[in-house]
Amino acid sequence: MIAFTTWDIVRNLMLAWRWTIVLTLVTFVLGGALGLIILFMRTSRRNWLRQVARLYIELFQGTPLLMQLFLVFFGIALFGVEVPAWLAAGLALTCWSASYLAEIWRGCVEAIPKGQWEASSVLAMGYFQQMRYIVLPQAFRIAIAPTVGFGVQIIKSTAVTSIIGFVELSKAGTVITNATFRPFTVFAIVGVFYFVLCWPLSKYSQSLERKYHAAHRH
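Worth saying up front: this structure is predicted, and the values here are computed from it rather than measured. (Residues numbered from 1 in each chain as written. Predicted model: local features only at pLDDT ≥ 70, side-chain atom pairs only at ≥ 80, totals over all residues. Heavy atoms only, no water.)

**Student:** What exactly am I supposed to notice about the packing of helix α4 (residues 85-110) against helix α6 (residues 127-157) here?
**Tutor:** Axes are the key here: two packed helices are described by the angle between their axes and the distance separating the axes. Where α4 meets α6, the axes come as close as 8 Å, and the angle between the chain directions of the two elements is 140 degrees. On the basis of their axis angle, the class for α4 and α6 is oblique. For α4 against α6, the interelement crossing comes out right-handed. Residue-level contacts link Leu93, Trp96, Ser97, Tyr100, Leu101, Ile104, Trp105, Cys108 and Val109 of α4 to Met131, Val135, Leu136, Ala139, Ile142, Ala143, Pro146, Thr147, Phe150, Ile154 and Ser157 of α6. Residue composition of the contact of α4 with α6, grouped by class: 17 nonpolar, three polar and no charged. (Axes fitted to C-alpha atoms, helices over the stretch in contact; angles between N-to-C directions. Helix = DSSP H or I, 4+ residues; strand = E, 2+ residues; numbered from the N terminus. Parallel < 35°, antiparallel > 145°, perpendicular 65-115°, else oblique. Left-handed = near helix turned anticlockwise from the far one by under 90°. Contact = heavy atoms within 4.5 Å. Nonpolar A, V, L, I, M, F, W, Y, C, P; charged D, E, K, R; others polar.)

What follows is the structure in structure tokens.
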């Protein structure tokens, strides 16, 4: 049996840690882009667009992420298309995160006083002009804190992708544990890696919330 030092464990986990970071960034960027489209649909003046967006959100929020991963990874394979684990993980997490980001941002948009909408209507602005110039700049400030907070959830949710064979941080921890028989050491280090990613974002989110509430009171 090959002897693993603690540094060997750390070094191998760092390789997988990079994939956790990459998957998080891909999920956040693509999920954010899709979430923005869903937001526009959800707040559209066309009823059928609002209903489609609502159905999408309810579908992805109302079913487990684990099930969504299985459906993407194994479901597409039923049609003869081989889906790599990293691609299935990225697709599932993107669709899942988009549903939550769209709802977070919708709440921020709806927090803008109705008078802002009415004032922009008086200026003969169309829907997209209202959103671009009046609503979104104000909603953006409100949305920063909860969006950063959800980013922390994305980081932790990447661990679920290990079930389909994607070697992120948790999966690497399991593999290394099987080779070293040192589960406490391995997963203590895994926990430290997650903490290093999540704690600064959590503190930043809390700081933004305090600043927003303080500004709102004044």
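**Student:** What should I look at first to understand the pattern of salt bridges in this one?
**Tutor:** Pairing is possible between side chains of opposite charge, provided their charged atoms come close. All told, the structure shown has five salt bridges when counted by the stated rule. Taking the shortest distance from any N to any O, the salt bridge between Glu58 and Arg54 comes out at 3.0 Å. Of this pair, Glu58 and Arg54 both sit in helix α2 (residues 47-61), separated by four residues, roughly a single helical turn. Taking relative accessible area as the criterion, Glu58 reaches 46% and is therefore assigned partly exposed. Among the residues examined, Arg54 registers a relative accessible area of 31% and is labelled partly exposed. (Salt bridge = Lys/Arg side-chain N within 4 Å of Asp/Glu carboxyl O. Buried < 20%, exposed > 50% of the residue type's maximum accessible area, 1.4 Å probe, protein only.)

**Student:** Would you explain the packing of helix α1 (residues 6-42) against α6 in this entry?
**Tutor:** Contact geometry of α1 with α6 gives a least axis separation of 12 Å together with a crossing angle of 145 degrees. Of the two possible hands of crossing, α1 and α6 adopt the one that is right-handed. Touching Thr20, Thr24, Thr27, Phe28, Leu39 and Phe40 of α1 are Tyr127, Phe128, Met131, Leu136, Thr147, Gly151, Ile154 and Ile155, all from α6. Among the residues making up the contact of α1 with α6, the classes are represented as nine nonpolar, five polar and no charged.

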